[in-house]
Amino acid sequence: MIRRLLLASSVLALAACNAPEEPATAPTPTPETPVTEPAAPSANVLSAQGFGPLRIGMTTAEIEAALGPDANPNAVGGADPESCDQFRPQRAPENMLVMTERGVLTSIWLTRTSDIPTDRGFRIGDSAASIKAAYGSAATVELHKYEPAPAEYITVWSSSDHTSPAARGIKYEIGQDGNVKAIAAGGPSISYVEGCA
């Protein structure tokens, strides 16, 4: 009898060892440990690639389909608009200009009191010191063409060859107060200092 009990318990023990494991289940969130979803990137920030529906490399027709035609077609955006033009599409935010060269979007510009942030969170009015601290050695600093220091340009390129049409970057124009007064993002045309020149 004892032998049968020992044999039965041995069989049960072996069966338990070979039983499939229960699948692991995720812990149930408690009020102390809430489940959070990662935030979706905002479409309303300026990056080296574009802004909202605008993407560097779009045609003028695509810009107009996305944000409408030139809000002020009688304004001069460039000496030869077929070659280079700068304008604000009708549905674009105030103080935003787009630059097209030979019918292709090459850069987007924020001026005056624009409150649109860059993809790093910088806006018109932020300090040059904070931008330099954030970008570190990736930033190139140049003297301003028309204003004395501390006016300058802080530019960050995505590659070392910033003359290539495929190059992308962001340029912060710093005024004499040491703060950002304009921002340009896109291709090599962000280096222009006089609109289309």
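Keep in mind it's a predicted model, so treat the numbers as computed, not measured.

Conventions we followed
- Counting restarts for each chain, with residues numbered from 1 along the sequence as it is written.
- Only residues with pLDDT of at least 70 get local features here, since the model is predicted, and only at 80 or more are side-chain atom pairs given and counted; chain-wide, interface and lining totals rely on the full set of residues.
- Side-chain metrics in this entry use all non-hydrogen atoms of the structure; hydrogen atoms and water are not considered.
- Residues belong to one nonpolar core when they are buried, are Ala, Val, Leu, Ile, Met, Phe, Trp, Tyr or Cys, and are joined through side-chain atoms within 4.5 Å.
- Only protein chains enter the accessibility calculation, which uses a 1.4 Å probe; a residue whose area is less than 20% of its type maximum is buried, one above 50% is exposed, and one in between is partly exposed.
- Helix numbers and strand numbers start at the N terminus; a helix is a DSSP run of H or I with at least 4 residues, a strand a run of E with at least 2.
- Residue contacts are counted whenever heavy atoms from the two residues lie within 4.5 Å of one another.
- Pairing between strands is defined by DSSP: at least two bridges between them are needed.
- Pairs of cysteine sulfur atoms within 2.5 Å are identified as disulfides in what follows.

Next up on the list: the nonpolar core. Membership of the largest hydrophobic core comes to 30 residues, with the highest contact counts inside it found for Leu 46, Leu 54, Met 96, Leu 105, Ile 108, Tyr 172 and Ile 183. Looking at this core, the elements that each hand over two or more residues are α2 (60-67), β5 (96-101), β6 (104-111), α3 (128-135), β8 (152-157), β9 (169-174) and β10 (180-186). Setting aside its immediate chain neighbours within four residues, Leu 54 contacts Gln 49, Ile 63, Ala 66, Leu 67, Met 96, Val 98, Leu 105 and Ile 108.

Pairing between sheet strands relies on hydrogen bonds along the backbone, with the strands arranged either parallel or antiparallel. Pairing in this open sheet of three strands is antiparallel, and the strands run β1-β2-β3 from one edge to the other. The two strands at the open ends of the sheet, each matched to only one other strand, are β1 (46-47) and β3 (54-55). In this sheet, β3 lies alongside strand β2 (residues 50-51) in antiparallel orientation, the contact comprising two bridges. Within the sheet, the bridge partner assigned to Gly 50 lies in β3 and is Arg 55.

Okay, the state of the cysteines next. For the coordinates displayed, the defined rule picks out one disulfide. Each disulfide pairs two cysteine sulfurs, and for Cys 84 the partner residue is Cys 196, the sulfurs being separated by 2.1 Å. Disulfide Cys 84-Cys 196: the torsion about the S-S bond is -85 degrees, which places it as left-handed. Here the residue Cys 84 occupies a position in strand β4 (residues 84-87), and Cys 196 occupies one in the segment after β10, the gap between them amounting to 112 residues. Judged by relative accessible area, Cys 84 falls into the buried class, the value being 7%.

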